[in-house]
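Structure at a glance
Each chain is listed here by its residues.
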Amino acid sequence: AEALSTYQRALAAQEALGDKRGAARTLGYLGILRRKLGDYEAALGAFERALTIQEEVQDRQAAAGTLGQIAVVSDLIGDAERALALYRRALERQEAIRDKAAVAVTLGNIGLLHQRLGEEAPAIAALSRALECAESVGLPRVQIDLHERLGAFHQAQERPGAALQAYERALALLEDAPGK
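The rules behind the values
- Here the residue index of a chain counts from 1 through its sequence in written order.
- Given that the model is predicted, a residue must reach a pLDDT of at least 70 before its local features are reported, and side-chain atom pairs must reach 80 or more before they are shown or counted; all residues, however, enter totals for whole chains, interfaces and linings.
- Side-chain metrics rest on all non-hydrogen atoms present in the structure, leaving aside hydrogens and water.
- To form a nonpolar core, buried Ala, Val, Leu, Ile, Met, Phe, Trp, Tyr and Cys residues must be joined to one another through side-chain atoms within 4.5 Å.
- We call a residue buried when its accessible area falls under 20% of the maximum for its residue type, exposed when it is over 50%, and partly exposed in between, using a 1.4 Å probe and counting protein chains only.
- Should any heavy atoms of two residues lie within 4.5 Å, those residues are considered in contact.
- Only DSSP runs of H or I covering at least 4 residues are called helices, and only runs of E covering at least 2 are called strands; the numbering of each starts at the N terminus.
- By this rule the span expected of a helix is its residue count minus one, scaled by 1.5 Å.
- Here an angle of 0 to 180 degrees is reported between the N-to-C directions of two axes, which are lines fitted to C-alpha atoms, with helices fitted over the stretch in contact.
- Note that the term roughly parallel is reserved for angles under 35 degrees, roughly antiparallel for angles over 145, roughly perpendicular for angles of 65 to 115, and oblique for everything else.
- If you view the pair so one helix is near and one far, a crossing is left-handed when the near helix is turned anticlockwise from the far one by less than a right angle, and right-handed when it is turned clockwise.
- Under the scheme applied here, ten amino acids are nonpolar (Ala, Val, Leu, Ile, Met, Phe, Trp, Tyr, Cys and Pro), four are charged (Asp, Glu, Lys and Arg), and all others, including Gly, are polar.
- Any carboxyl oxygen of Asp or Glu that lies within 4 Å of a side-chain nitrogen of Lys or Arg is treated as forming a salt bridge with it.

**Regarding the nonpolar core**
With 30 residues, the main nonpolar core has Ile70, Tyr87, Leu107, Ile110, Leu113 and Leu146 as its most contacted residues. Excluding anything up to four places from it in sequence, Leu113 contacts Asp75, Ala80, Ala83, Leu84 and Tyr87. Leu11, Ala23, Leu30 and Ala46 belong to the second-largest nonpolar core, a separate cluster that totals 10 residues.

What follows is the structure, encoded as structure tokens:
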């Protein structure tokens, strides 16, 4: 409750000062906090306000991230199709600005969503592409997560050899990770 109050005061101050970028950033924080509190409608409202401002000030990177946040909430409320469409919009923008780290995360989310929908081919394709991106920019933690997701997917599909291979790759990366 205290964090919520602090963000709301910060937002009011930024709006009074005409600080649009700051207001959009604070709306994003409010959206994340509301999502974590389970208030999905308020989270969507905050994210949508942030997106409107980000598009107005042409902050393409922030807008792409906010689309991803709206996708997360859409998925949480059971609207998988909207979530998938939003992830794809975010992905287009991330690819346009060449944000490979964000591309890797978004592709991972797309793969996970396809997996939950029981769509094997698009799930594997998205997760594999995500892994390539994560490897190309050196994101070992994202690579570990993706290998674990692939392992779980193969395990659920009763492919123990492929599952074991994915889990072994995750473990090898984890063992080599700094600060393990």
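**Quick notes on helix H6 (residues 100-116)**
Between the first and last C-alpha of H6 there are 24 Å, a value that for 17 residues agrees with the 24 Å anticipated at 1.5 Å per step. For H6, the buried fraction is high: 12 of the 17 residues fall into the buried class. Three or more residues of H6 are buried, namely Ala102, Val103, Ala104, Thr106, Leu107, Gly108, Asn109, Ile110, Gly111, Leu113, His114 and Gln115. Among the structural elements, helix H4 (60-76), helix H5 (80-96), helix H7 (120-136) and helix H8 (140-156) are those in contact with the buried residues of H6.

**A few points about the packing of helix H3 (residues 40-56) against H4**
Orientation of H3 relative to H4, taken along the N-to-C sense of each, is 160°, at an axis distance of 9 Å. Relative to H4, the element H3 is oriented roughly antiparallel. Judged by the twist between their axes, the crossing of H3 over H4 is left-handed. Residue-level inspection shows Tyr40, Ala43, Leu44, Phe47, Glu48, Ala50, Leu51, Gln54 and Glu55 of H3 in contact with H4, the latter providing Ala62, Ala63, Thr66, Leu67, Gln69, Ile70, Val73, Ser74 and Leu76. Grouping the constituent residues of the contact of H3 with H4 by class yields 12 nonpolar, four polar and two charged.

**Notes on H5**
Every α-helical turn comprises 3.6 residues, leaving residues that sit three or four positions apart pointing alike. End to end, H5 covers 24 Å across 17 residues, agreeing with the expected 24 Å (1.5 Å per residue, within 8%). Elements in contact with the buried residues of H5: H4, H6 and H7. Residue Arg98 follows H5 closely and has a positive phi angle near 60°.

**With respect to the pattern of salt bridges**
Applying the stated criterion across every chain, the model contains 10 salt bridges. For the salt bridge of Asp59 with Arg21, the shortest nitrogen-to-oxygen distance reads 3.2 Å. Remark: Arg21 occurs in helix H2 (residues 20-36) and Asp59 occurs in the loop between H3 and H4; sequence separation between them is 38 residues. You can call Asp59 partly exposed: its relative accessible area is 22%. Where Arg116 meets Asp75, a salt bridge forms, and the shortest distance between an N and an O atom there is 2.1 Å. Linking Arg116 in helix H6 with Asp75 in helix H4, this pair joins segments that are 41 residues apart in sequence. The class of Arg116 is partly exposed, set by a relative accessible area of 49%.

**Some thoughts on unusual backbone geometry**
Its identity as a non-glycine residue notwithstanding, Gln58 has a phi of 60°, on the positive side. You can see Gln58 is positioned in the loop between H3 and H4. A positive phi angle, close to 60°, is found at Arg98, a residue other than glycine. Among the secondary structure elements, Arg98 is positioned in the loop between H5 and H6. Looking at Arg98, the relative accessible area reads 72%, which means it is exposed.

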